[in-house]
Every structure is written in C-alpha cells, then in structure tokens.
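Residue-level structure breakdown
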Amino acid sequence: MQRRSIRAFLPDAVDRARLDALVEAACLAPAPHHSRPWRFVVIDTDAGKHALADGMGAQWRTDLAGDRVSEARIDELVSASHVKLTTAPALVLGCLTWDGLDRYPDEARRRAEWGMALLSLGAAVENLMLAAADAGLASCWVAAPIFCPEAARDALALPAEWLPHALVLVGRPDPAYVARERPAVPLDELRTTR
Ligand SMILES: Cc1cc2nc3c(=O)[nH]c(=O)nc-3n(C[C@H](O)[C@H](O)[C@H](O)COP(=O)(O)O)c2cc1C
C-alpha cells in the first residue's frame, strides 16, 4: 500500500485547490444514515498554524503539569509539537458536529451515535490521506486535537458546535525521510474465524 505516515516535508506551499481536492475526497467517506457530521479546516497561513499550535500547546502544558511532568520536559515536548505544526506546509483539521446525526434520550445510544460519527471521521481522514498519496503528497495524522477539542476550536475561533478531533499534516515529502519500518501483519493474532 502506497500511503505511509511521512513526518518531514519540503517547505513548498500546497495549492489551496489541491487541499480542497483532498477535503472533497475526505467527504466521500461512508457516514451514518447519509449524514456528513464532519467539518474540515484548511490551515495554511502562519497565523492559523501558530494560533492552533499555541492553543493546543497551552492545554497540553496544563495537562502535563497535572501529570507532574518536569518543567524542562514539558518545554521540550510542547516546543517540539509547536515546531511540527508550524513548519508543516499545510494542516487539515477534521472536526465533528451533531449535524445530521440522530438524537437519543439515553446516554448509551447518544454515545453509540457519536461513536459512529467518529468512525466515519476516521474513514474520511483515511480517504484524505489516500488522496494525498495519490497526488504525490506526504501526510501524517496527528492525535493532539482529540485530547483538547475545545482548545483547538477556540484557538481558531471556530463555531461552538465544531469539535476538532483529527489533524493531518500535508506537504511535499522530504525525499530524505525514511518511513518507519512497518512490521508484518501478525494475522493470526489480529483475526479469528468462526
Ligand atoms: C488516530 C491516529 C493518531 C495518530 N497520531 C499521530 C501523532 O500524533 N504523531 C505521529 O507522528 N503519528 C501519528 N499517527 C500515525 C501513526 O503513528 C501511523 O499511522 C502508524 O505508525 C503506522 O504507520 P503508517 O501510517 O506509515 O502506516 C496517528 C495515527 C492515527 C490513526
């Protein structure tokens, strides 16, 4: 399979039209009962990248301090993450909304419905990354916003009902980057049959 997580980019910008094509590919993903519970934010300005990195970094700093991580280590982690986000040529932030989802009176079904939306966001992000690979672009999924959706939303002044859950770095691949080794699939451990 051609797609790999590539974590190093050439500094060249990626055209907005190209980024829009990736988002369109994402929006062809399967979703529960014909909904489109996703919203995507294309972030390719320095101001946008810094706002997001600063907002999520501040929340991460608080979380790490609560975990009693040393200040030096916090600085190291948060600044590495800041550099990663602000030097990528473009970021695409995947958000979830309740738009089009069914509403239930009980918590168990509400959670299941939201879980379906999350699954479909994962499918959308995979579509986006496959389309990027097809276009010769590098991409890497970054987990950060799922740990601080409100901080990511507010950093970018997004609507209150958009909850950021997935971030993808996109750019032209640095040819010097070597993708991490991908272990063979241990099929017998991961699947059973009945
Ligand atoms: C939900 C999710 C979160 C991820 N978060 C990160 C991340 O924060 N940083 C990172 O470098 N890679 C991240 N990855 C990429 C995985 O590390 C990568 O997909 C995995 O190592 C397999 O490598 P491959 O994508 O090249 O096949 C994430 C992947 C997923 C699906």
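What comes next concerns the included structure. (Residues numbered from 1 in each chain as written. Predicted model: local features only at pLDDT ≥ 70, side-chain atom pairs only at ≥ 80, totals over all residues. Heavy atoms only, no water.)

Another aspect to go through is the overall build of the chain. From N to C terminus, the chain includes six helices and four strands. Reading the secondary structure of the chain in the N-to-C direction produces α-β-α-α-β-α-β-α-β-α. For the chain, the C-alpha radius of gyration of 18 Å lies close to 16 Å, the compact-globule estimate for 194 residues. Seen through its principal axes, the chain has C-alpha atoms that stretch 45 × 40 × 40 Å. Contacts in the chain between residues far apart in sequence, at least 24 positions, make up 79% of those at least 6 positions apart. Split by element, the accessible area of the chain, about 11200 Å² in all, is 55% carbon and sulfur. Once the 22 positive and 26 negative side-chain charges of the chain are each reduced to a mean point, those two points are 4 Å apart. (Helix = DSSP H or I, 4+ residues; strand = E, 2+ residues; numbered from the N terminus. Rg over C-alpha atoms; globule rule 2.2 N^0.38 Å. Contact = heavy atoms within 4.5 Å. Areas by Shrake-Rupley, 256 points an atom, 1.4 Å probe, with all protein chains shown as cover. Lys, Arg positive; Asp, Glu negative; His and termini not counted. Charge placed at Lys NZ, Arg CZ, Asp CG, Glu CD.)

Turning our eyes to something else, we now look at the sheet that holds strand S1 (residues 38–43). Taken together, four strands build an open sheet; the order of strands is S1-S2-S4-S3 and the sheet is antiparallel. With partners counted over all chains shown, the strands left at the sheet margins are S1 and strand S3 (138–142), one partner each. Neighbour-to-neighbour, the strand axes of the sheet open up by a mean angle of 20 degrees, direction not taken into account. Bridge analysis of S1 against strand S2 (residues 90–96) gives six bridges, and the strand direction is antiparallel. Its bridge partner lying in S2, Phe 40 is registered against Gly 94. Across the sheet, helix H1 (residues 16–26) lies against S1, S2 and strand S4 (163–171), angled at about 165 degrees from S1, the strand it touches most. The strands touched by helix H4 (residues 107–134) within the sheet are S1, S2, S3 and S4, with S4 carrying the most contacts at an inclination of about 10 degrees. (Pairing = 2+ DSSP bridges. Axes fitted to C-alpha atoms, helices over the stretch in contact; angles between N-to-C directions.)

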